[in-house]
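Structural overview
The chain contents come next:
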Amino acid sequence: MKNFISENFKVIKKLLIYQFGAAFFGILVNSSAGRLPWLNWLTGILAVLFYIYLLYSAVWEEGARDRIRVDGGRMTRDDLKGLKIALVANIPNIFIGVVMVVSTVINVVASAQWAGNVAAIANAVGVLWEGMYVGIITAIFPQFDYAANTAIVLSSTQIFLRAVSFVLIVAPALISCFAAYKLGYSGVAIIKTSNKNDNK
């Protein structure tokens, strides 16, 4: 694992930077949604698509470069490399999601105040770091009724499912990176990228 991270640190760092940018973009566009639920969906979907494009672009190019290295006998083919890169880059997301789920369950089952505090902190961090998904999560689990001008109290089940959603949202990144690497390695481009390949 250590060697893998070291060898692929450049692309992993790029994915983390892209996530930061996509999260900021997601929060920004979602803030314009205001009181319109359908706009939460629209801005949320646009932010996620933007994020997936950034991931696809970076990992596709890595796959294309690796094909050159493999053909030149400088590395061994690894069809799961894109998925592995995504898993490493998503460690913070997975950690935040797991903390949210565990602390939420403890809070709901045992009514432990400390667990509720941990869940609230993890939620705040998750909303900021995974801001590209805020619009969709807000649309699915609304917490304020603007028509009635009242807060919506989520049920225990909804609170749990909302926490679980922060684990499930890593799926698009994993799937897109896995597919992007395979396509890049095969030289098949379904989305145009900068395609700045090198032989390094």
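The structure under discussion appears in the preceding block.
A brief report on the enclosed structure follows.

All right, on to the side chain of N8 then. One can find N8 in the loop between α1 (2-7) and α2 (9-31). Reaching out from N8, the side chain makes a polar contact with the side chain of K81 at a distance of 2.9 Å. Those residues in contact with N8 that sit more than four places away from it in its chain are E62, K81 and I85.

All right, on to the packing of helix α3 (residues 37-71) against helix α9 (residues 171-186) then. Where α3 meets α9, the axes come as close as 7 Å, and the angle between the chain directions of the two elements is 35°. Note on packing geometry: the crossing formed by α3 with α9 is right-handed. Residues Y51, I52, L55, Y56, V59, W60, E62, G63, A64, D66, R67 and V70 of α3 touch α9, and the partners they reach there are P172, A173, S176, C177, A180, Y181, L183, G184, Y185 and S186. Grouping the constituent residues of the contact of α3 with α9 by class yields 15 nonpolar, 4 polar and 3 charged.

Below, the discussion takes up the pattern of salt bridges. Under the counting rule described, the total for this entry stands at 9 salt bridges. Measuring nitrogen to oxygen at the nearest pair gives 2.8 Å for the salt bridge that ties R77 to D79. Note on R77: relative accessible area 46%, which makes it partly exposed. Note on D79: relative accessible area 29%, which makes it partly exposed. Salt-bridge contacts for D78 lead to K84; the nearest nitrogen and oxygen are separated by 2.9 Å. Residues joined by salt bridges that share partners form a network here, namely E62, R65, D66, R69 and K81.

Rules used throughout
- Residues numbered from 1 in each chain as written.
- Predicted model: local features only at pLDDT ≥ 70, side-chain atom pairs only at ≥ 80, totals over all residues.
- Heavy atoms only, no water.
- Helix = DSSP H or I, 4+ residues; strand = E, 2+ residues; numbered from the N terminus.
- Polar contact = N/O pair within 3.5 Å; in protein donor to acceptor, adjacent residues only side chain to side chain.
- Contact = heavy atoms within 4.5 Å.
- Axes fitted to C-alpha atoms, helices over the stretch in contact; angles between N-to-C directions.
- Left-handed = near helix turned anticlockwise from the far one by under 90°.
- Nonpolar A, V, L, I, M, F, W, Y, C, P; charged D, E, K, R; others polar.
- Salt bridge = Lys/Arg side-chain N within 4 Å of Asp/Glu carboxyl O.
- Buried < 20%, exposed > 50% of the residue type's maximum accessible area, 1.4 Å probe, protein only.

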